[in-house]
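Single-letter residue listing:
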Amino acid sequence: MSRARFLESERRVGFLCLAPALLAVAAFSLAPLAIVLWLSLRRHMPVFGISRFVGLDNYAYLVSDPRFLSSLGNTAYVVLASVALELVLGLLVALLLDRSFSGRRIARAAVLVPWAFPTVVAASAWGFLLSPGFGVVNRVLGIDANWLGDPWLAIHAVILADVWKSTPLAALLLLAGLQVIPRDLGRAALVDGAGAAARFFRVTLPLLRPTILVVVLFRSLDAFRIFDVVYVLTGGGPANTTESVSLYAYRLYFQTLQFGTGSAVSIASCLVMAAWSAVMVGLLSTSRRGA
Amino acid sequence: MKRAILLGAGLFLVLAFCLGPYVWLLITSLRPPAEVAADPAALPAALSLESFRAVFSERPFFRIVGNSLLVAILSTALCLAAATAAAFALARLPVPGNRAVLALLLSVSMLPPVASVGPVYLAASALGLRDTAAALVMPYAALSLPLATWILHGFFRDLPADLHRAAKVDGCTPLQALRKVLLPPVAPGIAAAAILTFIFSWNEFLFALSLTSTDRSRTVPVEIALFAGVHEVPWGEIAAASVVATLPILLVVAALDRFLVRGLLAGSGKG
Amino acid sequence: MTARSERTRHAVAAVAVALASCAARDEPAAAPDTLPATIVFRHFPVFGGPEPLSRLLDEFRRENPGLIVEDRLLPASSDQQHQFYATQLEARSSDFDVFALDVVWVPEFARAGWLRDASDLVSEDDRRDFFDGPLLATTLGGKAYAVPWFMDGGLLYYRADLLEKHGLAVPDTLDDLARATRTVIEGERDPSLLGFLFQGRQYEGLVCSALEIVHSVPGGAFVADGRSAMTRPETIEGLCLLRRLVAEGTSPALVSSLDEEGSRLLFGSGRAVFLRNWPYAWSLFEADGSSVKGKVGIAPVPRAAGGRHVATLGGFALGVNRHSRNPEAAEKLVRFLASKESQKSLALAAGYEPTRRSLYDDPDLAEKQPFVARLKTILERAEPRPVTPYYPMIAQALQAELSAVVTGLRSPEVAARRAASQIDHVLSLEEP
């Protein structure tokens, strides 16, 4: 087969391979996105029979809507804190589980348990653990903190529950990433006289960089859309100090039936996430070129 | 020696943190329901399997677990098939604009699920798929696709170029090269993606609530949400159901664990 | 055959089988004339277990042999029900015919055109038998859109043993409540004993708790005459009373994280002196093994000085889906379930509070469910939250600002002003 024809058939195979994924994206992302975009340009309130085009009015409203801005702030804080903690903890856990020891299989399965829970159950469990009257956490720490009802503590309770739930995901991905780093590299560094810390920072970490960036990218997108944990633990309270963007959108859609404004919130949050992803992907490409 | 103790302590802390709430749920599920209603956080005074009995005899829980299993397995299979193919194409085949495609896939992860529930429900309605497992399989596979593709893309990308070249020299078509030579080394990635997709499908709530109505298709998270009454929350039953619901996941993880092992790369290099 | 292609083949086969079997199981979409008429009844889990309602439905099935009645559950969470109904009804679904809805949704759903007119379902005599509050809450523009099924009213639970021990009468006003709390806590010398618990978390329960205080001030209200009444001096006084409960220590700061169950558990384990909650908690306090069994009394929620006792109206009504394919059958079911006999049987079996006055004088009820019978005076006073199609939107503003008041994040005046501007904005959304 000539080289050109071979390449041509490879390209064809490539398109075929991509087709299912692209179809899925078109059906479950682009189509709903288009519908949501269309809705965001309208005032659509079924309760009042209102459905008309209003252009960018909804967005103009959001720009000066204190509730939207505060939900953005809350969400950004949660994303930054959660992802940072999950990365560090996940890395520690992955390193711990990378070694061989008896019972490793069980340890790996055990570490995945938080992620294996339905989120609503996990959040409810944390709600109980942090509850003022019966909270095990308060009893163990010997304090009387109002975890879920204090405007300053509540958001940290949300972060705690989210970190507990999601660290296994980070750990799992990092562990998989660690598996493909050949041991010889580490051994070579040892021969060169490098200590454990140096080996980690100079050899392992750079090779893990692509995995780390995937973890940060997806975890931050997930954290940005945080919903179940906030809904169950605090309901967005007290006084909307823990309300996330997703929760605000949910309230607009399903509690007040303002589909237009809710869609505008969704699109606005998509734009923020798209900007963030662009930054992350840029970093990811840089690391590839470097490695 | 000191290092072993440090590592042991670290492991213990990690396990305690991860398993703490689970242990509490386990204990709660083994207490008599009346006790739980009185004080959910106390240490058990007596043990009883009443909560488990209630979960299985008063509710169609077996059926529900069956629904969840069906949906999770199908969506995982579909998602992995599509993601592996896509990742392979993006990483190793001369397809134009692969960065753009990766970014496009990411867009699925950016739309808050609350926004897509409405349109998906309407579509499922129109196709006559309301209250069926099929209605859930497709959205779940699609929602997990970006992460799975990105994970696998990374693994395919990091494979040595010689592998693919050697396969081509041997006369393999692209798909044969994929099957015989390139898949084994990316096994950890596939295992990780499979576990994550399975768990996601198992625990997803919003779509399940909107697209299912009877126990014909209802999945575990929605069923657990039905346990709570208007005011009282039967923590014993919820705990029992959660304990049972976590078991299939632990089994899946244990089964796929052997792929999360290094050394497969070395094996394929010898070919 | 390698692993991957094998898996692909299996997957494809499995999907095909699954889709085929799903399609086969799917009910025929229409043609009610070729099948016996089917109606679907959607509701949340009934308090006390599914048997009482199942038995009632079986009786209905016996009386109506040509009718198939399907009984389908929804999660108990109010939000999830609202979300479910909104999604389905907005899509004009005919998947269910009769459904149980929270009284605060009736005006909203009616305005959206999702409920059939229910004026014929309640006869004139019946109308007199129903309590005023629920009837008011299910009426929009003079027409009834749902039939009150059962109701709830806020109560004060108190520790009769502790009050007796310290020679205190049951508190009548909020000042009495503060004084009594202080006396008992100081007298008991137990630093972990809590005072007055209510639902202070940011959710609908907070609006219910706060309404009882704000409306007890003469002239205090959240909404009046289609406009916000938040900035009225009387309303602000009510908000100040609410804040003072926490600020002066009558209520612990942790009320800001409590919902019905959280507060019930604390009181039920003997950790508090007073509790504001719904009637359901009584049977849990009197159950065997409860630490407060025999020690609990009930009274109306304390009022502001110079004001009246208020109980917030809760409860559910039965509505018929406007897009139902069998509206006559659906209406039959609603009449049956809201009838005196059905309400009585649910009250006897599950301790439900019926919406019909006459049942509270019924000797059977007095004998088997004495607690329910005692509630008559309190329920007579039950006041609904603002009856307007905009209520869910108004509730959003109220919940957040009331939470700010309870936690002290904002002063009552500032919170009232913020709530007022949001409420007025909502009420102006609909152009003529």
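Fair warning: this is a prediction, and the values are worked out from it, not measured in the lab.

A.B. asks: Any details on the packing of helix H1 (residues 2-29) of chain B against helix H13 (residues 235-256) of chain B? Residues and values, ideally.
C.D. replies: Residue and element names in this part refer to chain B. Here H1 crosses H13 at 120°, and the two axes come no closer than 8 Å. Between H1 and H13, the angle is such that the two are oblique. Between H1 and H13 lies a crossing of left-handed hand. The residues of H13 that touch H1, namely those facing Leu-25, Leu-26, Thr-28 and Ser-29, are Trp-235, Gly-236, Ala-239, Ala-240, Ser-242 and Val-243.

A.B. asks: Describe the confidence of the model for chain C, and please don't skip the residues or the numbers.
C.D. replies: Residue and element names in this part refer to chain C. Averaged over chain C, the pLDDT score is 86; the fraction of residues at 70 or greater is 91%. In the predicted structure, residues 1-32 sits below a pLDDT of 50 and forms 30 contacts with residues beyond four places in sequence or in another chain. Interface confidence for the predicted complex, given as ipTM, is 0.83, next to a pTM of 0.85.

A.B. asks: With reference to specific residues and values, describe the interface of chain B and chain A.
C.D. replies: Between chain B and chain A, the residue contacts involve 78 residues of the former and 71 residues of the latter. A per-class count over the side of chain B that touches chain A returns 64 nonpolar, ten polar and four charged.

A.B. asks: Could you give an account of the domain arrangement of chain C, with specific residues and numbers?
C.D. replies: Residues and elements named next belong to chain C. Parsing chain C into structural domains produces domain 1 (37-145 + 313-380) and domain 2 (155-310 + 387-427). If you look at the interface, domain 1 gives 14 residues, while domain 2 gives 14 residues. Only helix H4 (106-111) and helix H6 (132-137) provide two or more residues apiece to the side of domain 1 that touches domain 2. Counting residues per element, the side of domain 1 that touches domain 2 draws most heavily on H4, at three residues. Of the residues that constitute the side of domain 1 that touches domain 2, the class distribution is eight nonpolar, three polar and three charged.

A.B. asks: How would you summarise unusual backbone geometry if you had to cite specific residues and measurements?
C.D. replies: All names here are of chain A. Here the bond from Gly-237 into Pro-238 is cis, since omega is -10°, no more than 30 degrees from zero. Among the structural elements, Pro-238 can be located in the loop between helix H11 (228-233) and helix H12 (245-255). For Asn-240, which is not glycine, the phi dihedral falls at a positive 60°. Following the sequence through the fold, Asn-240 ends up in the loop between H11 and H12. One non-glycine residue, Leu-257, adopts positive backbone phi at about 55°. Its 22 C-beta neighbours within 10 Å are what place Leu-257 among the buried residues.

The rules behind the values
- Residues numbered from 1 in each chain as written.
- Chains lettered and ligands numbered in written order.
- Predicted model: local features only at pLDDT ≥ 70, side-chain atom pairs only at ≥ 80, totals over all residues.
- Axes fitted to C-alpha atoms, helices over the stretch in contact; angles between N-to-C directions.
- Helix = DSSP H or I, 4+ residues; strand = E, 2+ residues; numbered from the N terminus.
- Parallel < 35°, antiparallel > 145°, perpendicular 65-115°, else oblique.
- Left-handed = near helix turned anticlockwise from the far one by under 90°.
- Contact = placed C-beta atoms within 7 Å.
- pLDDT = per-residue confidence, 0-100.
- Nonpolar A, V, L, I, M, F, W, Y, C, P; charged D, E, K, R; others polar.
- Domains from an automatic or database assignment.
- Buried ≥ 20, exposed ≤ 12 C-beta atoms within 10 Å, placed from the backbone.

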